[in-house]
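Structure at a glance
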Amino acid sequence: MAVLSSQGITFEISVPVVIIGAGACGLTAALTVADAGVEVIVLERDSVPQGSTALSSGMIPACETRIQKNKKIGDSVAVMAADILSKAHQQTDPEMVNVVCRESGPAIDWLAETHGIELTLVEGFLYPNHSYLRMHAPASRIGADLIGSMTQAVEWAGVDVLTDSTVIDLFADPTGRIAGLRFERPDGSLETLGCSALILACNGFGGNPEMVKRLIPEMADANYFGHTGNQGDAILWGQTLGAATADLGSYQGHGSVAHPHGILVSWALMMQGGIQVNAHGQRFSNEHDGYSEQGRRVIAQPGSIAWNIFDSRLFEIGQGFEDFRQAVSAGAIIKADTISQLVEKCGLPEAPFKATMEEIVSLAGGIGKDRFGRDFTTNPELRSPYCAVKVTGSLFHTQGGLVVDRDARVLRADTTALPNLFAGGGAARGVSGPADWGYLSGNGLLTAITLGRIAGRVSAINNK
Ligand SMILES: Cc1cc2nc3c(=O)[nH]c(=O)nc-3n(C[C@H](O)[C@H](O)[C@H](O)COP(=O)(O)OP(=O)(O)OC[C@H]3O[C@@H](n4cnc5c(N)ncnc54)[C@H](O)[C@@H]3O)c2cc1C
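Predicted, not measured: the structure shown is a model, and the values here were computed from it.

Along the backbone of the protein chain there are 15 helices and 21 strands. Against the globule reference of 23 Å for 464 residues, the protein chain gives a C-alpha radius of gyration of 23 Å, in line with a compact fold. In the protein chain, 34 side chains carry a positive charge and 48 a negative one; their mean positions are 5 Å apart.

This part covers the domain arrangement of the protein chain. According to the domain assignment, the protein chain consists of domain 1 (2–250 + 399–461) and domain 2 (253–395). On a C-alpha basis, the centres of domain 1 and domain 2 stand 33 Å from each other. Listed as interface residues are 26 residues of domain 1 and, on the opposing side, 24 residues of domain 2. Applying the counting criterion to the domain 1 and domain 2 interface returns three salt bridges. Inspection of the region where domain 1 meets domain 2 yields nine residue pairs in polar contact (both at pLDDT 80 or more). Tallied by class, residues from the side of domain 1 that touches domain 2 come to 13 nonpolar, nine polar and four charged.

This brings us to helix H4 (residues 77–87). Residues of H4 that are buried include every one of Val-77, Met-80, Ala-81, Asp-83, Ile-84, Leu-85 and Lys-87, and no others. Residues of H4 that are buried in the fold lie against strand S4 (60–61), helix H5 (94–113), helix H10 (291–299) and helix H15 (443–461). Positive backbone phi, approximately 55°, marks His-89, located one or two places after H4.

Now for the nonpolar core. Nonpolar side chains in soluble globular proteins generally cluster together in the buried interior. Ile-19, Ile-20, Leu-170, Leu-181, Leu-198 and Leu-200 are the most contacted members of the largest nonpolar core, which has 83 residues in total. Once residues lying within four places of it in the same chain are set aside, the contact partners of Leu-181 are Phe-11, Val-18, Ile-20, Leu-43, Val-167, Asp-169, Leu-170, Phe-171, Glu-191, Thr-192, Leu-193 and Leu-198. By size, the runner-up hydrophobic cluster in this structure holds 51 residues, among which are Met-59, Phe-310, Cys-387 and Ala-388.

Turning our eyes to something else, we now look at the packing of aromatic side chains. Between two aromatic rings, the relevant description is the distance of the centres plus the angle of the planes. Evaluation of the coordinates by the stated rule reveals eight aromatic pairs. Judged by centre distance (5.8 Å) and plane angle (65°), the rings of Phe-11 and Phe-171 are edge-to-face. Of this pair, Phe-11 sits in the loop between strand S1 (2–5) and strand S2 (14–20) while Phe-171 sits in strand S8 (residues 166–172), and the two are 160 residues apart along the sequence. What makes Phe-11 buried here is its relative accessible area of 18%. With a centroid separation of 5.2 Å and an interplanar angle of 15°, the aromatic rings of Phe-225 and Phe-396 are classed as stacked. Residue Phe-225 is located in the loop between strand S11 (223–224) and helix H8 (233–240), and its partner Phe-396 is located in strand S18 (residues 386–398); the two are separated by 171 residues in the primary sequence. A connected cluster of aromatic rings, assembled from ring pairs, spans Phe-125, Tyr-127 and Phe-321. When the ring centre of Phe-315 is taken as origin, the NZ or CZ atom of Lys-335, which lies over that ring, is 3.9 Å away. Across the ring face of Trp-110, the terminal group of Arg-453 is positioned such that the distance to the ring centre comes to 4.5 Å.

The rules behind the values
- Residues numbered from 1 in each chain as written.
- Predicted model: local features only at pLDDT ≥ 70, side-chain atom pairs only at ≥ 80, totals over all residues.
- Heavy atoms only, no water.
- Helix = DSSP H or I, 4+ residues; strand = E, 2+ residues; numbered from the N terminus.
- Rg over C-alpha atoms; globule rule 2.2 N^0.38 Å.
- Lys, Arg positive; Asp, Glu negative; His and termini not counted.
- Charge placed at Lys NZ, Arg CZ, Asp CG, Glu CD.
- Domains from an automatic or database assignment.
- Contact = heavy atoms within 4.5 Å.
- Salt bridge = Lys/Arg side-chain N within 4 Å of Asp/Glu carboxyl O.
- Polar contact = N/O pair within 3.5 Å; in protein donor to acceptor, adjacent residues only side chain to side chain.
- Nonpolar A, V, L, I, M, F, W, Y, C, P; charged D, E, K, R; others polar.
- Buried < 20%, exposed > 50% of the residue type's maximum accessible area, 1.4 Å probe, protein only.
- Core = buried A, V, L, I, M, F, W, Y, C linked by side-chain atoms within 4.5 Å.
- Phe/Tyr/Trp six-rings, centres within 6.5 Å; stacked < 30°, edge-to-face > 60°.
- Lys NZ or Arg CZ within 6 Å of the ring centre and 35° of its normal.

Here it is in structure tokens:
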């Protein structure tokens, strides 16, 4: 993994725009370049485009979309930007937040109307700290369907996606202008490709244990739930080229992965009235702060586990999610008619758990204040029959990365742009601030889609 001198190097084949990574960011960028009538190639290390995008729930936040307008949802760029900034405690770049929010609505409309990527509005509940319904997702709510339809769209657009191609080296001149790259095939053979512009869409470093240990030590031992091919290559190349990086300790965690099954259990259950208790039968946090910081909080509990407690009403809501149905099929969900039965099945201590359940019934009735700051009056109290699932905390993806400008150009430490290098998605600095608590649901795909589209548009204009 190196940046080599381009002096004296000639490339047999050159393409105006080359993209590394065929996740949501890379494929969005590719569609944009193709729409502009400019030739583009995507290089992807896997045999089939998947990335973390395929593992995701495919929820893309966006405002002022046609779907929202048809449903008379009064969302706006200003409100969405304020939500993101508030979750990040104002510790992220407000200009970039505005850029991605402004781009989000047009990007969703364009994906649907120009490229046939079917997305529906996720209704019924608000994700933590979102002011309006703005999650757009495949009807199945699974990222594999999102990447599947994007791959299909890219094929229809006539874009070449070269799979089984792991980019290992970039060639650049002393000014940092990228002349091309070298990639490796599964048989170990090496090939080169020239380019006039390069888009880094190869995500962050969640799949690189050494980098996680160094940059996010608190998650060094956590289960990584994202794509293992995301090795931090964009950040490493960028740093060699003198690019600025920021928020490298930032990440999306998750506090609700069924254990030991390794299946995501939707946070919708928490938002609609569910609670988390530890092995002592006690709550330990405000579950409505967000699922990202909850990953770290769950890991800090005895045995690094928690129990999600909910009821049959919430079970029905969960059934709307494919991964929840998988958790049911895998036998992860425990059901019980009474609290006594539930504690027996989960191995929880009866007295403290009963006290927890009594407390949340009182809180739902408006009696007393929750010491963690959660408002229980907005949802019905939990009722028999009850359900539970044992969960652990995980690292989903990293949010820090290369600093880019409003054109998705990679910036040097002195804030000048590298000549022809772009980044988006997990390769670029996100909008979640410096830590796990700043992640507003959907910040991952938001910057993948929006920065991917911007990078595609600007790189295409410069290469027409
Ligand atoms: C379980 C889970 C659920 C999630 N749910 C959501 C959600 O609902 N909404 C949301 O907004 N976010 C969600 N996220 C986060 C979201 O998945 C990511 O933020 C998003 O997919 C990033 O897109 P990307 O295109 O940057 O990266 P990816 O989709 O990971 O694509 C990067 C691609 O680059 C390839 N690559 C890497 N290095 C090289 C190389 N050297 N050469 C060639 N190819 C390379 C990889 O193989 C990969 O295919 C979730 C994440 C997880 C793990």
